Amino acid sequence: MGTLLFSVSAFLPALLFFMACVCLAPEVATATHAGITRHYKFNIRLQNVTRLCHTKSMVTVNGKFPGPRIIAREGDRMLIRVVNHVSNNISIHWHGIRQLQSGWADGPAYVTQCPIQSGQTYVYNYTIIGQRGTLWWHAHVSWLRASIYGPIVILPKHNVPYPFPKPHKEVPIMFGEWWNADTEAVISQALQTGGGPNVSDAYTINGFPGPLYNCSANETYKLKVKPGKTYLLRIINSALNDDLFFSIANHTLTVVEADAVYVKPFQTDILFITPGQTTNVLLKTKPLSHNATTFFMSARPYFTGQGTFDNSTVAGVLQYENASSNISNLPLPSLPAINGTSFVANFTNKFRSLANSQYPANVPQTVDKHFFFTVGLGTHPCPKNQTCQGPNNSSTFAASINNISFVMPTTAFLQAYFFGKSNGVYTTDFPITPLMPFNYTGTPPNNTLVTNGTKLVVLPYNTTVELVMQGTSILGAESHPLHLHGFNFFIVGQGFGNFDAKKDPANYNLVDPVERNTVGVPTNGWVAIRFLADNPGVWFMHCHFEVHLSWGLRMAWVVLDGKLPSQKLPPPPSDLPKC
């Protein structure tokens, strides 16, 4: 992605249009009453990429790693033509896009669509309604999002300013991972042996590992800036399996947005971000008279579990205009300890919605349906006559919600639901509370086995939902970034220990809670969210650690049609992929 910066001045729409049309190679852009229709083409191709002195052939979009940037405005219609030129099945998820009445374009394989097979094409067709900020897109089948991902920049409507100082420039900052191995082989081997998968070889900033890794000094991301200017950094955690801390040495960041929703601004020297989340921050550069003109930016993981993880640090460079490129003696910014749970809790509690007349916080004040989900790891028994590498070398790793390890179908849920052919595909008896309550954050139970199932929850249209997600200490306590497709939700409460249904709701924030699409369930703690089920279709909810997703930490919601035409899911497009 390099160091490309772009201006978002209101008086430069032609520049933005040029960037969208030429740099990202859409076919055409045509006007509509609400916005324009933007056409993009994603060619899924193999591309040789070299990092850490290792060259590998990897699946990419248009030969780029990370993939191309999508630029749009609130109200624009998107037509993104995906052509699969590789042998892998492909699907693309537009992470955080509400997909109002366009559930067929959401993208998770075997949930809203069958994957796009080799040689096939599918056009994702959706309109960006009521959203502005930073989101992202990524593959949503197996572990292909390791190399298939990119940013979505949603600008406000014309003549609508940001609710914060206008930045001089904007730049996406995407955290990812570099794997010398083929990630498809990594997860395939882990599922066969039942053990934990191998970890990545490096973290990356916009695709570059940086100078702290061996054989990587020339693969360093550099953000070039001018003194005394304000920059908007659109930060995205697209790493497969790691929460990350991030900081820029000797600089303070002002958080102004989370998951494409504006927040009350607050300052921080250190950012925490889970996989799936986006956070926009303002960076005010130092005045011209300042002596030091080159600084390290770095990120490293937050981890409290018992398994292996990539315990390394990625670094990039913030380089002022006309500064020396010598980075040999630069100090790294100070980051919290690997297990810095108290910092994570304090940081996440700072997020608040703007909650003003222009950007209200429409948090449900009453609740129609209450759900209590336990979220954590567990085990499956080792198959007979097989040696397993899971816990105690006698089982395989599993993950579950309410002790249900979710089994994916071979037919897409949304098609089965829409055509009334759910029999044999899924059932609608997902437990709304744990079947066997226990001390969730205390001494784990002796029986760690989970149950396989393909069970969904059905919600009538416009149901208000409160969901409490309780982390467990089974096989170690760790955070879990839970992503809900098709909806934003309000984080009304969170805490450590076991949720107390009698006491904890009294402390809910129902005035200005932050609105997100991905939330970290606290280590040895709980989080309460509320949302309005106003989007008909079938919507995936899952942990955004790919390893936990692969082990079954996932489920889905069916939201029924409403009575009005605008409240119904339309029929599928004619080019919807078939299984």
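These numbers were taken from a predicted model, which means no experiment stands behind them.

Participant: So, the overall build of the protein chain: which residues are in play, and what are the values?
Facilitator: Each helix and strand counted, the protein chain has five helices and 33 strands in total. Taken against the 2.2 N^0.38 rule, which gives 25 Å for 579 residues, the C-alpha radius of gyration of the protein chain at 23 Å falls within 12% of a compact globule. Its C-alpha atoms put the protein chain at 65 × 55 × 55 Å along the principal axes. Here the protein chain, with 579 residues, has 60% of them falling under the buried criterion. For the protein chain, the accessible area works out to roughly 22,100 Å², and carbon and sulfur atoms hold 51% of it.

Participant: I'd love a proper account of the pairing of strand β32 (residues 537-543), names of residues and values included.
Facilitator: Of all the seven residues making up β32, seven are buried; the element is thus mostly covered by neighbouring parts of the structure. Alternating residues of β32 divide into Gly537, Trp539, Met541 and Cys543 and Val538, Phe540 and His542, and every residue in both groups is buried. Pairing analysis gives three bridges linking strand β27 (residues 480-484) to β32, with the strands arranged antiparallel. Each residue of the ladder has a partner; that of leucine 484, found in β32, is methionine 541. Sheet topology note: the β32/strand β33 (residues 554-559) ladder contains six bridges and is antiparallel. Bridge pairing in β33 links valine 538 to valine 558.

Participant: Describe in detail the nonpolar core, supporting the description with residues and values.
Facilitator: Nonpolar side chains in soluble globular proteins generally cluster together in the buried interior. Residues Trp94 and Met469 are the most contacted members of the largest nonpolar core, which totals 153 residues. Once you skip the residues sitting within four places of it in the chain, tryptophan 94 turns out to touch Phe42, Ile70, Ile80, Gln99, Ala105, Asp106, Tyr124, Tyr126, Trp136, Trp137 and Ile152. Formed by 11 residues, the second largest nonpolar core is a distinct cluster that contains Ala361, Phe490, Phe499 and Ala528.

Participant: Give a description of the state of the cysteines that names residues and reports values.
Facilitator: In total, this model carries three disulfides according to the counting rule given. Each disulfide pairs two cysteine sulfurs, and for cysteine 114 the partner residue is cysteine 579, the sulfurs being separated by 1.8 Å. Taking the sign of the torsion about the S-S bond as the criterion, the disulfide between cysteine 114 and cysteine 579, at about -95°, is left-handed. Linking cysteine 114 in the loop between β6 (92-95) and β7 (121-127) with cysteine 579 in the segment after β33, this pair joins segments that are 465 residues apart in sequence. When its relative accessible area of 2% is taken as the criterion, cysteine 114 is described as buried. In this model, cysteine 382 is linked to cysteine 388 through a disulfide, with the two sulfur atoms separated by 2.1 Å.

Participant: Give me the environment of serine 325: which residues, what numbers.
Facilitator: Here serine 325 lies in the loop between β20 (314-320) and α3 (341-348). Along the primary structure serine 325 and isoleucine 173 are separated by 152 residues, whereas in three dimensions their C-alpha atoms are 20 Å apart.

Participant: Just give me the short version of the side chain of serine 353, but keep the residues and values in it.
Facilitator: Its location among the elements puts serine 353 in the loop between α3 and β21 (369-381). The residues contacting serine 353, other than those within four sequence positions of it, are Tyr262, Lys264, Ala361, Phe490, Asp512, Pro513, Val514 and Glu515.

Participant: How would you explain the pairing of strand β15 (residues 253-258) if you had to name every residue and give the values?
Facilitator: Buried residues dominate β15, accounting for six of its six residues. Where β15 and strand β18 (residues 278-284) come together, five bridges link them in antiparallel fashion. Following the sheet pairing, valine 255 is matched in β18 by valine 281. Bridging between β15 and strand β16 (residues 261-268) involves five bridges; their strand directions are antiparallel. Across the sheet, the residue bridging to leucine 253 is threonine 268, located in β16. Between the end of β15 and the start of β16, which pair antiparallel, lie two residues, with aspartate 259 showing a positive phi angle near 50°.

Participant: Now, about the sheet that holds strand β4 (residues 70-73): what can you tell me, with residues and values included?
Facilitator: Read across the sheet, four strands follow the order β4-β9-β8-β6 without closing on themselves; strand pairing throughout is mixed. Of all strands in the sheet, those bounded by a partner on one side alone are β4 and β6. This sheet shows a mean twist of 20° between the axes of neighbouring strands, independent of strand direction.

Participant: Could you give an account of the pattern of salt bridges, naming the residues involved and the relevant values?
Facilitator: With the rule as written, the count across this model stands at 10 salt bridges. We note a salt bridge from glutamate 466 to arginine 530, for which the minimum N-O separation is 2.9 Å. Residue glutamate 466 is found in strand β26 (residues 463-471), and its partner arginine 530 is found in strand β31 (residues 525-533); the two are separated by 64 residues along the sequence. Since its relative accessible area comes to 5%, glutamate 466 is described here as buried. Connected via shared salt-bridge partners are Lys264, Arg352 and Asp512.

Participant: Provide a residue-level description of the sheet that holds strand β10 (residues 169-178), including the pertinent values.
Facilitator: Strand pairing in a sheet takes place through backbone hydrogen bonds and is either antiparallel or parallel in direction. Spatially, the six strands line up as an open sheet ordered β11-β10-β13-β18-β15-β16, and their pairing is mixed. In this open sheet, the two strands that pair with only one neighbour each are β11 (202-205) and β16. Strand-to-strand twist in this sheet, taken as the mean axis angle between neighbours without regard to direction, amounts to 25°.

Participant: Describe α3, and please don't skip the residues or the numbers.
Facilitator: Here α3 has its buried residues at Val344, Ala345 and Phe347. Across the axial projection of α3, the buried residues extend over an arc of 165°, all falling on one side. Facing away from the buried surface of α3 by more than 90 degrees, the exposed residues are Ser342 and Asn346. Each element contacted by the buried residues of α3 is listed here: β14 (243-248), β16, β17 (271-273), β19 (294-302) and β28 (489-496).

Participant: Outline unusual backbone geometry, supporting the account with residue identities and numerical values.
Facilitator: Residue proline 66 follows phenylalanine 65 across a cis peptide bond; omega there is -10°. As for its position among the elements, proline 66 is in the loop between β3 (54-61) and β4. Located in the positive-phi region is asparagine 385, a residue other than glycine, with phi close to 60°. Along the chain, the position of asparagine 385 falls in the loop between β21 and β22 (395-401). A positive phi angle, close to 60°, is found at leucine 475, a residue other than glycine. Relative to the elements of secondary structure, leucine 475 occurs in the loop between β26 and β27.

Participant: Please provide a residue-by-residue account of the UniProt feature "domain: Plastocyanin-like" (unreviewed entry) in the protein chain, values included.
Facilitator: UniProt records the feature "domain: Plastocyanin-like" (unreviewed entry) for residues 45-157, 170-323 and 438-561 in the present numbering. As annotated, residues 45-157 has a helix share of 0% and a strand share of 46%, and its two end C-alpha atoms lie 34 Å apart. With 5% helix and 46% strand, the stretch residues 438-561 has end C-alpha atoms that lie 37 Å from each other.

What counts as what
- Residues numbered from 1 in each chain as written.
- Predicted model: local features only at pLDDT ≥ 70, side-chain atom pairs only at ≥ 80, totals over all residues.
- Heavy atoms only, no water.
- Helix = DSSP H or I, 4+ residues; strand = E, 2+ residues; numbered from the N terminus.
- Rg over C-alpha atoms; globule rule 2.2 N^0.38 Å.
- Buried < 20%, exposed > 50% of the residue type's maximum accessible area, 1.4 Å probe, protein only.
- Areas by Shrake-Rupley, 256 points an atom, 1.4 Å probe, with all protein chains shown as cover.
- Pairing = 2+ DSSP bridges.
- Core = buried A, V, L, I, M, F, W, Y, C linked by side-chain atoms within 4.5 Å.
- Contact = heavy atoms within 4.5 Å.
- Disulfide = S-S within 2.5 Å.
- Axes fitted to C-alpha atoms, helices over the stretch in contact; angles between N-to-C directions.
- Salt bridge = Lys/Arg side-chain N within 4 Å of Asp/Glu carboxyl O.
- Arc of directions from axis to C-beta.
- UniProt positions renumbered as here; feature names shortened; annotations may be inferred.

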